[in-house]
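Structural description and commentary
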Amino acid sequence: MDRIRITGGQHLHGTIPISGAKNAALPLMIASLLTSDTITLKNVPNLADVSLLIRILRNHGVDTAVDGKRANGNGHQGDTLHLTARDIVDTTAPYDLVRRMRASFWVLGPLLAREGKARVSLPGGCAIGTRPVDLHLTGLQALGVDIDLDGGYVVAKARNGLRGGIVNFPKVSVGATHNVMMAAALAKGETVIENAACEPEVADVASCLNKMGAKIEGAGTSTITIQGVDHLEGATHTVLPDRIETGTYAMAVAATGGDVYLEGARADLLPAVIDVLREAGVEISETNRGLRIARNGSGLNPVTVTTAPFPGFPTDLQAQLMALMCRAEGLSVIRETIFENRFMHVQELARLGADIAVTGEMAKVRGVASLRGAEVMATDLRASVSLVIAGLMAEGDTTVNRVYHLDRGFERLEEKLGSCGAQIERLHS
Ligand code: EPU
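Calculation rules
- Residues numbered from 1 in each chain as written.
- Predicted model: local features only at pLDDT ≥ 70, side-chain atom pairs only at ≥ 80, totals over all residues.
- Heavy atoms only, no water.
- Helix = DSSP H or I, 4+ residues; strand = E, 2+ residues; numbered from the N terminus.
- Rg over C-alpha atoms; globule rule 2.2 N^0.38 Å.
- Buried < 20%, exposed > 50% of the residue type's maximum accessible area, 1.4 Å probe, protein only.
- Contact = heavy atoms within 4.5 Å.
- Areas by Shrake-Rupley, 256 points an atom, 1.4 Å probe, with all protein chains shown as cover.
- Near = heavy atom within 4 Å.
- Polar contact = N/O pair within 3.5 Å; in protein donor to acceptor, adjacent residues only side chain to side chain.
- Nonpolar A, V, L, I, M, F, W, Y, C, P; charged D, E, K, R; others polar.
- pLDDT = per-residue confidence, 0-100.
- Salt bridge = Lys/Arg side-chain N within 4 Å of Asp/Glu carboxyl O.
- Pairing = 2+ DSSP bridges.
- Axes fitted to C-alpha atoms, helices over the stretch in contact; angles between N-to-C directions.
- Right-handed = clockwise from strand over helix to strand, strands pointing away.

Some points on the overall build of the protein
- In terms of helices and strands, the protein carries 14 helices and 24 strands.
- For 429 residues, the compact-globule formula gives about 22 Å, and the C-alpha radius of gyration of the protein, at 21 Å, lands near that figure.
- Projected onto the principal axes, the alpha-carbon positions of the protein cover approximately 65 × 50 × 40 Å.
- A buried classification covers 57% of the 429 residues belonging to the protein.
- In the protein, once contacts between residues fewer than 6 apart in sequence are set aside, the share between residues at least 24 apart is 74%.
- A total of about 16,400 Å² of accessible surface is found on the protein, and carbon and sulfur atoms cover 46% of it.

So this is what it looks like as structure tokens:
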């Protein structure tokens, strides 16, 4: 298993290109199930989750091709993916694949829309929480789907086809919004989704669906209205930049000090994060090419932050912010309200000398004068990158084990940070 070794203490200077968003690329790829024509996706990040989803989609009959050459030869352009679901050959998504990536559960809506039936494994819990799928199921039931649970599988049928309906989610769910929106695109009549997720990735998927001929309005707000159409066509779409990768590198620069240009990053995708980082004392400016992040030698101010659905502070940046606040001058309070078990990085940060006390959904982080490198273990994707940030700030060497978590969501992390002066290397064992 690969490990990453970091020798902390270097300021970061240079340019980091921001990749396409994992959490938009995955549902966009799944949307290819909705048409027999080809969907071409540009700026797709080269990640383990993308490769796994390609395998899952192939299992349903999707032909996939990745344009081999990376433009400019500098490795900083995303992949171009062509996906063609001419015929759906299998409407079952097996446990062995779904358990490895929860987002693959989102094939349920598109398979139902296209074939009128689907059998998709329940994903099960994961390291960051129980993560139920009840909202996906009740949302699809409102579109006329019959649902049975059998042997750990959701067995869903729309005998008379999908019909539009009113879906009022009691809680904001990104995945349930994607699932219902994709299904409703091919349902008969109008669907209204209330309390929809407003995440930019939902708007990006809706924009691609509209290019395919769907009639979706309001995506990116809490009310989405969909007029169902008979069929969808091929389209070409460019995946929006990854706001979580943007926030992560912004926090890395805030942690080490320095001056880095995040090429292709967009401030409108992470308003709450920019506010919090500015409050902490980080300089952020936006140009038409991206975001510039700088911190001189001055200390970091502590912050009080609560994670929330977009446009609030994202749960996917909570661990990284916590790593940063380990060195702030005072007490930070971080509340995690989205997932119940997303503090596993706390114990690992403590190994570097962090002072963090957790009570329920609240973590109190008392800034310390220095962190000392240590051997730590990644527990999930975002937790693992928080350990990288902590390692960059710490004195001496930090080794992060179980790096496969990182590879699920960060493209060429060592290369991107290394090109800005970080001492970071991957150890193959
Ligand atoms: N929830 C339910 N019932 C449901 C669905 C969700 O109770 O049927 C709960 C969840 O347990 C959680 C909350 O609702 O407490 C929000 O979950 P959501 O459904 O929004 O999460 P998701 O769609 O499974 C996506 C991202 C996550 C990100 C969350 C929240 C993708 C592929 N995943 O997950 O990203 O944390 O939204 O923004 O888009 C990551 O990239 O590291 C990651 C975990």
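Back to the write-up after that little detour.
Overview of the site of the ligand
- The full set close to the ligand counts 23 residues, and Asp-134, Leu-135, Ser-173, Asp-316 and Ile-338 are the nearest of them.
- With respect to the ligand, the backbone of Gly-175 contributes an N or O atom lying 2.7 Å from an oxygen atom.
- Taking Ile-338, its main chain carries an N or O atom lying 2.5 Å from an oxygen atom of the ligand.
- In the complex, 89% of the free accessible area of the ligand, which totals 830 Å², lies under the protein chains.
- Elements supplying a minimum of two residues to the shell around the ligand: α1 (22-31), α5 (134-141), α6 (174-185) and α12 (381-393).
- In terms of residues, the shell around the ligand owes the most to one element, α5, which gives three residues.
- Residue composition of the shell around the ligand, by class: 11 nonpolar, five polar and seven charged.

Quick notes on the confidence of the model for the protein
- Taken residue by residue, the protein gives an average pLDDT of 95. The fraction at 70 or more is 97%.
- Counting interchain partners and residues more than four positions distant, the pLDDT-below-50 stretch residues 71-75 has four contacts.

A few points about the pattern of salt bridges
- Counted by the stated rule, this structure contains 17 salt bridges.
- A salt bridge links Arg-99 to Asp-96, with the nearest nitrogen and oxygen atoms 2.8 Å apart.
- With a relative accessible area of 39%, Asp-96 lands in the partly exposed category.
- As a salt-bridge pair, Arg-412 and Glu-415 come within 3.5 Å of each other at their nearest N and O atoms.
- A relative accessible area of 41% places Glu-415 in the partly exposed class.

A word on the sheet that holds strand β24 (residues 423-427)
- Taken in spatial order, the four strands of this open sheet run β22-β23-β1-β24, and their pairing is mixed. The open sheet has two edge strands, β22 (375-377) and β24, and neither has a second partner. The sheet shows a mean angle of 20 degrees between the axes of neighbouring strands, direction not considered.
- Taken together, the five bridges between strand β1 (residues 3-7) and β24 define a ladder with antiparallel strand orientation. Bridge assignment links Arg-3 to a residue of β24, and that residue is Leu-427.
- Where α12 meets the sheet, it contacts β1, β22, β23 (397-401) and β24, and its direction lies at approximately 170 degrees from that of β23.

Remarks on the pairing of β23
- The buried fraction of β23 is high, at four of five residues.
- Both β1 and β23 contribute to a ladder of four bridges, which runs antiparallel. Bridge pairing in β23 links Ile-6 to Thr-398.
- In terms of strand pairing, β22 meets β23 through three bridges, oriented parallel. From the neighbouring strand, Glu-375 faces β23, where its bridge partner is Thr-399.
- Handedness of the β-α-β unit built from β22, α12 and β23 comes out right-handed.

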